Amino acid sequence: NEAGAPPFPGDPAPVDVDTLARALQEKGVGLVDTRMPQAFAGGHIPGAINILLGGMTVFPGWLLDPAQPVYLVTGRSGDARAAALYLARIGFDRAAGYLCGGFEAWQDRGLPIDHLGAVSVDALKLMHDAGQIRIVDVRGPDELAEGIVPGAEPIFLGSLADHPPRAPRDAPIAVMCSVGHRGSMGASVLPRAGFTNVYTVLGGTTAWANRGYPLVKPNES
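This structure is a prediction, so every number in the text was calculated from the model and none was measured.

Student: Tell me what's going on with the overall build of the protein, and back it up with residues and numbers.
Tutor: Each helix and strand counted, the protein has nine helices and ten strands in total. Viewed in the frame of its principal axes, the protein has a C-alpha envelope of about 50 × 50 × 30 Å. Of all 221 residues assigned to the protein, the portion counted as buried reaches 44%. Contacts in the protein between residues far apart in sequence, at least 24 positions, make up 72% of those at least 6 positions apart. Per element, the accessible surface of the protein, about 10600 Å² overall, is 50% carbon and sulfur.

As structure tokens, this is what we get:
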């Protein structure tokens, strides 16, 4: 503390599609996509974790290895500096670069793309009532105490990678939080554990409650 914080390592360098593709072939490289959940669900680079820009000061500590170099995919090129600064503030000082041209540049090259399902609470209610989907709630204990979707499995976001859902890897699984941002983060983590049919719930439990759908205490679910 007497010496102060280490200096900001500087703006991440723009990298082209070929450079990023080569980097991602190496083990121990992180990839963060800061776009909104709807955009991420529609298409993203395989292996990317969806962390919104505003969450970059908290959630990388749960989802990333600080020893790994991290590449960024942002909705706007100006977001890359902010993301790198947020990472540096929590000890992640290895922002190796950001994809110049964003996801569209990757897409336009015809390179592999992954997708997530994105489901409204109305559609989720129909699927849930029919027994066609499992629900994972990644909120914290205080939030869960306010109410959880009946039958949902609570797994804190920070524990999800090490404690995945108790479900077959091909089972449909919807990941939700209060409004959908952390749900998208959780949904982006599950494919790394082998889950192949993952959805993010748009609007989360806030939208669920606003539609008048039931919430119960965790020990009643």
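Student: Hey, could you go over the sheet that holds strand β9 (residues 173-176) for me, with residue numbers and the actual values?
Tutor: Judged by pairing direction, the sheet is parallel, and its five strands sit side by side in the order β6-β10-β9-β7-β8 without closing on themselves. Single-partner strands in this sheet number two, and they are β6 (117-119) and β8 (153-154). Two elements, β9 and strand β10 (residues 198-201), share three bridges in a ladder whose sense is parallel. The residue of β10 that forms the bridge with Ala174 is Tyr199. Where helix α6 (residues 121-129) meets the sheet, its contacts fall on β6, β7 (134-137), β9 and β10, and the angle it forms with β6 comes to roughly 100°.

Student: Describe in detail the side chain of Arg139, supporting the description with residues and values.
Tutor: Along the chain, Arg139 turns up in the loop between β7 and α7 (141-144). Under the relative-accessibility criterion, Arg139 is labelled buried at 4%. Here Glu143 takes part through its backbone oxygen, which lies 3.3 Å from a polar atom of the side chain of Arg139. At a separation of 2.6 Å, a polar atom in the side chain of Arg139 contacts the main-chain carbonyl oxygen of Gly147. The contacts of Arg139, once residues within four sequence positions are left out, are Leu144, Gly147, Ile148, Phe156, Cys177, Ser178, Arg182 and Thr205.

Student: Hey, could you go over the pairing of β7 for me, with residue numbers and the actual values?
Tutor: Two strands pair when backbone bridges link them, and β7 and β9 are joined in this way by four bridges, in the parallel orientation. The residue of β9 that forms the bridge with Val136 is Val175. Bridging between β7 and β8 involves two bridges; their strand directions are parallel. For Val136, the partnering residue across the bridge sits in β8 and is Glu153.

Student: Run through the nonpolar core, naming residues and quoting values.
Tutor: Ranked by internal contacts, the top residues of the largest apolar core, which has 47 residues, are Leu20, Ile45, Ile51, Leu63, Leu72 and Trp106. Ignoring any residue separated from it by four or fewer positions in sequence, one finds Leu63 in contact with Ile49, Ile51, Leu157, Met185 and Val189. Of all hydrophobic cores here, the second largest spans 15 residues; its members include Val119, Ile135, Ala152 and Trp208.

Student: Describe in detail the pattern of salt bridges, supporting the description with residues and values.
Tutor: Under the defined criterion, the tally for this structure stands at nine salt bridges. Between Arg35 and Asp33 there is a salt bridge, with the nearest N and O atoms lying 2.8 Å from each other. Under the relative-accessibility criterion, Arg35 is labelled buried at 11%. For Asp33, a relative accessible area of 1% translates into the label buried. Arg182 is the salt-bridge partner of Glu143, the closest N and O atoms lying 2.7 Å from each other. Of the two residues, Glu143 sits in helix α7 while Arg182 sits in helix α8 (residues 181-189), which places them 39 residues apart along the sequence.

Thresholds, definitions, all that
Residues numbered from 1 in each chain as written. Predicted model: local features only at pLDDT ≥ 70, side-chain atom pairs only at ≥ 80, totals over all residues. Heavy atoms only, no water. Helix = DSSP H or I, 4+ residues; strand = E, 2+ residues; numbered from the N terminus. Buried < 20%, exposed > 50% of the residue type's maximum accessible area, 1.4 Å probe, protein only. Contact = heavy atoms within 4.5 Å. Areas by Shrake-Rupley, 256 points an atom, 1.4 Å probe, with all protein chains shown as cover. Pairing = 2+ DSSP bridges. Axes fitted to C-alpha atoms, helices over the stretch in contact; angles between N-to-C directions. Polar contact = N/O pair within 3.5 Å; in protein donor to acceptor, adjacent residues only side chain to side chain. Core = buried A, V, L, I, M, F, W, Y, C linked by side-chain atoms within 4.5 Å. Salt bridge = Lys/Arg side-chain N within 4 Å of Asp/Glu carboxyl O.

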